[in-house]
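# A look at the structure
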Amino acid sequence: MWDKDEDVSLTQKLEDIKTNFSSLRRMIKDAKKEKGTDDFLGKIVLKLKDLHSTEDNWYNLEPRTETYPDRGQCHLNLKFIHKARDGTLSAGRSAYINYCGILQQFVQAYISKQQSSAPWKGALCGEAQTLLELYATQNDLSPFLQDLAKWVAYSKLYQSLEVDSSVLLQQLTSIEYHWHQQELPHQQKQELGDSLHGFLQYGLRLVAKYRDIFPPTLSASPKLHTLLRILVQICKTRAFQKLNPAHFELHDEVNDAVQTGTQEWFTTKKGLHQPMTKELTEIGSALARLIGEVQEDIKHNKDVWNSVFVRVVQVDVFTVVYQQFDSLLAQELRENLSLMEGKMEQPLASSLFPVYLSLQAIHKDKAFLQKRGLLQLTNFHEGFREALPYWLNQAFSTTQDRVERAVQVDQLQPLQVGAVPIKHSSSAVDLVACIQPICHLWEQLSWPDPEEAFMLMVKLTEDVCKIVVNYCHTLKERVRVLSENSDHGSAINMLCVVVNDLEHLRSVLTRLPTQLNWTGLRDRTQNVIGESQFHNTLHSQLQLAQSTLGREIRSALDTLGKKLNTDIETHVRGMSTRRRIPSKSTEDAAAPLMRYLEQELQYMNENLVQENFNSLLTPLWNNSVKILYQMVTQHPQQEGLMVFCQRLLYTLQSLEQCFYAEGNGLPLNTLHSDEYKTLKAHITHNSLNSQQLVEKFLERKMSEQKVNSGEKYGAVTLLASYRRSDQRLNIEVLNAVNLLPMDSNGFSDPFVQLCLEPFHIFPEVEPRCTQIKSCDLNPLFDESFEFLVSLVQCQAPGACLVVTVLDHDTLRTDDFEGEAFLPLKAIPGVAGGCKGDGLSLQPNPVPAQIRLPLMHPKPNADSILRLLESRRGEREAQAFVKKRRQREKQSQEAVQP
């Protein structure tokens with residue numbers, strides 16, 4: 001209710017002001033009020049559902065505010081008057097129209113009273129069904145018209161209520177059946193044509209919205225399937241083909257509807273995932289959410305909806321949707337990445353990683369496309385090159401932090417998993433778990449470009465190796481901290497665990513090429529990366545890390561073995577005294593050493609893996625052999641040397657038995673090393689006299705001559721034979737080849753010296769020399785020499801012809817070119833025995849042409865020579881040693897540049 005304000009002239013207002021000041025306040029109020037606005041008096045609000053057909057009451061006026069609550073009352077007289085009635089179902093209309101109206105009202109009433117939420121399946125209550133049948137019979141409505149009315153009613157209800165699709169299929173089948181049985185009136189034909197066409201358009205609109213209307217669930221997929229069947233059935237009916245002569249291709253229409261719906265869906269999702277701010281990280285996160293939605297939609301299309309569309313309307317909806325998303329995402333990606341170009345930082349790169357993974361998953365789905373073509377997302381990875389280093393750095397730093405935390409809480413105690421003991425500690429297990437994400441990152445990236453993928457693998461391998469090396473340093477520091485206040489036994493335990501940790505890590509690195517699939521990468525990059533570059537880069541990195549681990553393991557093992565080495569040396573030196581004692585005392589002396597080794601080695605065997613236990617045993621064994629070797633070589637020549645060597649031999653056998661441990665320790669091939677054989681030979685040689693040692697030395701030289709196949713220093717060719725009839729050894733020096741130049745002019749003045757050794761067998765045989773050939777590196781001598789020696793001398797142990805090639809110098813000592821050792825037993829005529837005077841009956845042997853490669857002695861490398869040198873009281877031994885040392889000195893001078 002309002003108070004009507006009328007316009008008043010200025011003169012009248014001034015008159016009012018003269019008579020009453022309240023009119024002044026009224027005038028000020030009018031000035032503030034907008035022109036043409038009436039005063040509010042009050043209001044009444046009545047609910048129609050509370051009114052009766054007749055109302056006659058007073059009602060209180062309600063205020064707008066609480067300032068003036070008492071607004072008065074208003075008297076209202078209300079009446080409900082019905083002036084007209086619905087005539088749509090009146091008797092004047094046709095029976096068909098009335099039947100349609102009655103049917104629609106019955107169906108609406110039945111559906112509204114249903115208690116369940118299930119779609120209506122076409123059934124009516126008995127009374128309604130009876131009334132419809134009676135009305136159709138009384139008005140002579142044919143079954144065709146009844147089915148037509150039901151189709152029109154049900155198809156309209158389908159668009160507003162929950163109606164089962166099978167009801168529509170049933171009516172379409174009936175219409176198709178009756179089409180040629182009865183001619184429809186023009187109005188019904190038009191109605192049927194409009195209804196079919198209208199439902200098709202409605203169905204296509206539903207198809208465009210299939211993502212929202214038919215979600216990928218077990219209950220929604222059959223509904224989509226039935227809807228598509230209805231659309232296919234409509235297009236197949238003769239009624240639709242007759243009443244809609246225009247060309248209508250359902251396949252193309254569904255295809256267009258899917259494209260339209262996909263575009264609208266993408267636009268909607270893009271709007272929902274718009275970034276809240278213009279920060280680049282927020283833009284990246286919004287893009288990741290959008291592409292994640294697209295990825296999920298593509299998956300649903302591939303796994304759920306595509307089979308329905310293909311089976312019913314032969315539309316490969318996955319291909320249609322995928323190709324459209326390919327174009328939309330490529331455009332969206334270009335726009336967003338262009339904003340980030342040159343502004344990459346770690347948070348922004350992290351927000352882009354989910355984008356890359358989603359795009360990669362989408363791109364992999366191209367394998368399911370029925371029609372392959374050029375896709376815009378083919379090289380999508382190129383847009384993420386700037387972010388790639390940040391991803392790698394984040395993976396490295398995260399893994400490194402986890403490893404450091406794992407070491408800080410590690411107590412360096414072996415793990416116990418159930419009843420199975422594990423010899424490494426928790427940090428080794430944690431490290432393997434931390435490295436796995438880096439390997440997983442390689443699988444996630446699956447970088448398409450082969451050359452860039454190789455560089456990526458190089459970086460990942462380098463990061464893993466860095467983490468491993470840092471783990472070694474951190475673990476050593478952890479050992480130092482924990483061992484400061486621990487006893488000797490605890491320190492040894494921790495050191496054993498550290499060795500096992502590093503060994504476990506080394507085995508993990510060995511499996512790294514398999515985990516990262518280096519073989520597959522090698523196949524991908526074989527056209528752009530050479531084999532040598534691939535090996536030198538990746539394998540070298542891995543080998544460097546493994547060598548670092550190996551050094552750390554060896555360092556720890558050396559620390560463990562240091563105390564054992566000291567104790568073993570003490571025991572061995574104590575039990576190997578030079579004084580003569582019976583064998584029983586020798587066994588008693590070895591008992592403490594055996595008990596000590598058994599206890600310590602058993603402890604190490606229980607706390608170290610087998611490989612490292614063997615690695616610990618090997619240096620211990622070698623050190624023991626070294627101690628015995630020093631004792632043999634440093635022992636002076638004396639009368640009790642034989643007994644001393646027997647004591648050392650017993651000690652060596654006891655150690656060998658302990659370290660072999662009935663096959664549970666070191667294998668025999670490791671125990672019988674070169675040092676062991678040398679030691680044993682020394683002990684054996686110490687029991688020989690000087691002449692026997694010289695024979696052993698020459699036999700060794702002849703053995704070296706047999707295996708020497710190279711001619712680094714040249715060679716000498718001889719013709720050799722022995723005539724038993726007159727006991728003459730014939731040697732013919734033919735030539736020398738490829739000699740080393742000894743003079744400043746680049747040539748030599750060579751000659752050959754022939755000498756029979758050893759001296760104690762051939763004391764009266766003088767050395768022979770050939771003529772000197774000036775300035776020639778391939779001299780031809782062709783000179784013959786005879787030596788009068790017996791067959792017994794030639795067949796004696798160590799008997800040989802020493803061939804020495806020298807370079808003649810007028811003012812200085814002749815230079816040494818090389819030497820060769822020819823065993824006399826190898827000369828024709830020497831081999832075989834003789835009896836009595838049968839020497840004259842032996843035929844003259846055919847001289848053998850022999851090519852001897854020249855050799856140079858290795859300085860101070862022969863143990864027999866050193867043993868001879870230690871026997872200073874024997875003149876013959878010292879003379880032989882002096883001659884050999886002179887040869888070694890000449891050899892060194894000859895090979896110097």
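Quick summary incoming for the structure in this document. Fair warning: this is a prediction, and the values are worked out from it, not measured in the lab.

Taken together, the side chains of Glu249, Asp252, Glu253 and Asp256 define an acidic patch exposed on the protein surface. By the secondary structure assignment, Glu253 is in helix α11 (residues 250-272). Overall, Glu253 belongs to the partly exposed group, its relative accessible area being 31%.

Now for unusual backbone geometry. With an omega of 0°, the peptide bond running from Glu757 to Pro758 counts as cis. Relative to the assigned elements, Pro758 resides in the loop between β9 (750-757) and β10 (768-769). If you check the backbone angles, Cys775 has positive phi at about 45° while not being a glycine. Mapped onto the elements of the fold, Cys775 is located in the loop between β10 and β11 (780-788). Residue classification places Cys775 among the partly exposed residues on the basis of a relative accessible area of 43%.

This paragraph deals with the pattern of salt bridges. Counted by the stated rule, this structure contains 27 salt bridges. Taking the shortest distance from any N to any O, the salt bridge between Glu332 and Lys270 comes out at 3.1 Å. Here Glu332 is found in helix α13 (residues 317-340), whereas its partner Lys270 is found in helix α11, with 62 residues between them in sequence. Residues Glu531 and Arg522 are paired through a salt bridge, measuring 3.0 Å at the closest nitrogen-oxygen approach. Glu531 sits in the exposed class, given a relative accessible area of 52%. Within the structure, one salt-bridge network assembled from shared partners comprises Arg723, Asp726, Arg728 and Glu786.

The next point concerns the packing of aromatic side chains. Throughout the structure, instances matching the rule amount to 18 aromatic pairs. With 5.8 Å between their ring centres and 20° between their planes, Tyr356 and Trp447 make a pair best called stacked. In this pair, Tyr356 is assigned in helix α14 (residues 346-364) and Trp447 in the loop between α16 (426-445) and α17 (450-483), connecting sequence segments 91 residues apart. According to the relative accessible area criterion, Tyr356 is buried, its value standing at 0%.

Looking now at the sheet that holds β9. Pairing within the open sheet is antiparallel, and its four strands lie in the order β10-β9-β12-β13. The open sheet terminates on both sides in strands that have one partner only, identified here as β10 and β13 (815-823). Pairing geometry for β9 and strand β12 (residues 800-807), over eight bridges, is antiparallel. Directly across from Phe751, in β12, lies its bridge partner Leu806. Running at roughly 130° to β13, helix α30 (residues 875-895) makes contact with β9, β12 and β13 of the sheet.

Cut-offs applied
- Each chain has its residues counted from 1, running along the sequence as written.
- With the structure being a predicted model, the display of local features is reserved for residues of pLDDT at least 70 and the display and counting of side-chain atom pairs for 80 or more, all residues being used for whole-chain, interface and lining totals.
- Note that the side-chain values use all heavy atoms of the structure and ignore hydrogens as well as water.
- Within this analysis, patches are made of residues with over 30% relative accessible area and no salt bridge. Like charges are joined at 9 Å or less; nonpolar side chains (Val, Leu, Ile, Met, Phe, Trp, Tyr) at 5 Å or less.
- Each accessible area value is a Shrake-Rupley result obtained with a 1.4 Å probe; residue values ignore everything except the protein chains displayed when judging cover.
- By salt bridge we mean one thing: a side-chain nitrogen of Lys or Arg within 4 Å of a carboxyl oxygen of Asp or Glu.
- When charges are tallied, Lys and Arg are placed among the positive residues and Asp and Glu among the negative ones, while His and the ends of the chain are skipped.
- Note that the charge is assigned to NZ on lysines, CZ on arginines, CG on aspartates and CD on glutamates.
- By definition, any uninterrupted DSSP run of H or I lasting at least four residues is a helix, any uninterrupted run of E lasting at least two residues is a strand, and each is numbered from the N terminus.
- Buried, partly exposed and exposed residues are distinguished by accessible area as a fraction of the type maximum, computed with a 1.4 Å probe on protein chains only: under 20%, between the cut-offs, and over 50%, respectively.
- Between 30 and 60 degrees the pair is tilted, below 30 it is stacked and above 60 it is edge-to-face, where a pair is any two Phe, Tyr or Trp rings, Trp via its six-membered ring, whose centres lie within 6.5 Å.
- Only when DSSP finds a minimum of two bridges between them are two strands counted as paired.
- Only heavy atoms matter for contacts: two residues are in contact if any of them lie within 4.5 Å across the pair.
- Axes here mean lines fitted to C-alpha atoms, for a helix over just the part in contact, with angles spanning 0 to 180 degrees between N-to-C directions.

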